[in-house]
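Descriptive structure summary
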Amino acid sequence: MKNQGTFHQPFILAVISGKGGVGKSMTSVNTAESLKRAGYRVALIDADLGLSNCATMMNETVEASVDEWIRGDCSLEELPQNCNGLTLITGSDEPARERFRPELYMDAMDQVILHLAADHDFIIIDTPAGIGEITLWALDRAHLGSILLVDEPTAISDVYRLCKYVYSIDPEYRFGGIVNLAESEKSAGSTHKRFNSILNYFLKKKTGYLGFIPESEMIRHAVKQQRTLFQDDPTSKLLDEFQFIAQNIIGYAGATKKDLAKVNL
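With respect to the overall build of the chain
- The number of helices and strands found in the chain is 10 helices and 8 strands.
- In terms of overall size, the chain behaves like a compact globule, its C-alpha atoms giving a radius of gyration of 18 Å where 265 residues would be expected to give roughly 18 Å.
- Counting only C-alpha atoms, the chain reaches 50 × 45 × 40 Å along its principal axes.
- The buried share of the chain, taken over its 265 residues, is 52%.
- The long-range fraction of contacts in the chain, counting pairs at least 24 apart against all pairs at least 6 apart in sequence, stands at 79%.

Written out as structure tokens, the structure reads:
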């Protein structure tokens, strides 16, 4: 797959959270950057139509949005924005505008994914917080739902309800957990284990572990400066954690490729 497009389709990852303000967009941007730096062709779709943040976090001016495409103000080919080798698609850059029906957005996003599929290895979808139609669309299109967990009771409860709803639709859905704002690797493992204990007790389910992101002044500085962590300090050990997350996602992608090969036999 690496640099050769060996997957018949890109691996799609939906980054989700039960509530806002837990670092979902920061995680999406830096995970996409990590995959890109590992040599893959990566597209990032900011599907948070009300509060799109990915372009802002990369200090990029949105040149065209899915919102504008639906209105006829740009073409599909104008939507992919090259951000230092990372492809960015923005759903809407004007949240105050009158909204279209979600079905129209989802149909448009499906066409965007088809457009990106030919020349990308990974597509990461940064979703709105909570359980909404766009989030459910993203999870339905994704091969893996990446849950962003923080060690806070309401955040854990909200993510649990989201997972419970998805499992009621698809009992075999695959989730992977990323713990953000962790004090240490040990505390991150404890948070993920506690969440899995809740899932197992009530639903007989568990999620995989993708990695953790430590609470860090460097992250706050990078967000404030509108830079990815790699741009802010390419020598930081913090980047090892995002590279670990990226390698686990690559592992899931490889397993998915094998599963698809079995289906096509």
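Having seen the model, we can carry on.
Section: the side chain of His120
- Along the chain, His120 turns up in the loop between helix H4 (102-117) and strand S5 (122-126).
- Looking at His120, its side chain comes within polar contact range of the main-chain oxygen of Leu116, at 2.9 Å.
- A polar atom in the side chain of His120 sits 2.9 Å from the side chain of Asp119.
- In this structure His120 touches Pro10, Arg41, Val42, Ala43 and Thr87, once residues within four positions along its chain are discounted.

Looking at the environment of Asp121
- Mapping Asp121 onto the fold places it in the loop between H4 and S5.
- Sequence separation between Asp121 and Met26 is 95 residues; the distance between their C-alpha atoms is 21 Å.

A closer look at the packing of aromatic side chains
- All told, the structure shown has 6 aromatic pairs when counted by the stated rule.
- Relative to Phe122, the ring of Phe11 has its centre 6.0 Å away and its plane inclined at 70°; by these criteria the two rings are edge-to-face. Separated by 111 residues along the polypeptide, Phe11 in strand S1 (residues 11-16) and Phe122 in strand S5 bring together distant segments of the chain.
- What makes Phe11 buried here is its relative accessible area of 2%.
- You can call Phe122 buried: its relative accessible area is 1%.
- Pairing Tyr167 with Phe175 gives two aromatic rings, centres 5.5 Å apart and planes at 90°, and the pair type is edge-to-face.
- Its relative accessible area of 7% is what places Tyr167 among the buried residues.
- Owing to a relative accessible area of 3%, Phe175 belongs among the buried residues under this scheme.
- Among the aromatic side chains, those forming a connected cluster through ring pairs are Phe11, Tyr40 and Phe122.
- A cation over a ring is seen here: Lys205 above Tyr167, with NZ or CZ 5.4 Å from the ring centre.

What to know about helix H5 (residues 133-141)
- For H5, the full list of buried residues reads Ile134, Thr135, Trp137, Ala138 and Leu139.
- Tucked inside the fold, the buried residues of H5 contact S1, H4, S5, strand S6 (144-149), helix H6 (153-169) and strand S7 (175-182).

A few points about the pairing of strand S4 (residues 86-90)
- Across the 5 residues of S4, 5 count as buried, placing the element largely inside the fold.
- Side chains Leu86, Leu88 and Thr90 of S4 all project onto a buried face; the interleaved residues Thr87 and Ile89 project onto the opposite face, where all are buried too.
- Here 3 bridges tie strand S3 (residues 81-83) to S4, and the two strands are oriented antiparallel to one another. Bridge pairing in S4 links Cys83 to Leu86.
- Hairpin geometry of S3 and S4 is characterised by an intervening segment of 2 residues between the two adjacent antiparallel strands and by a positive phi of about 55° at Asn84.

Scoring rules and cut-offs
- Residues numbered from 1 in each chain as written.
- Predicted model: local features only at pLDDT ≥ 70, side-chain atom pairs only at ≥ 80, totals over all residues.
- Heavy atoms only, no water.
- Helix = DSSP H or I, 4+ residues; strand = E, 2+ residues; numbered from the N terminus.
- Rg over C-alpha atoms; globule rule 2.2 N^0.38 Å.
- Buried < 20%, exposed > 50% of the residue type's maximum accessible area, 1.4 Å probe, protein only.
- Contact = heavy atoms within 4.5 Å.
- Polar contact = N/O pair within 3.5 Å; in protein donor to acceptor, adjacent residues only side chain to side chain.
- Phe/Tyr/Trp six-rings, centres within 6.5 Å; stacked < 30°, edge-to-face > 60°.
- Lys NZ or Arg CZ within 6 Å of the ring centre and 35° of its normal.
- Pairing = 2+ DSSP bridges.

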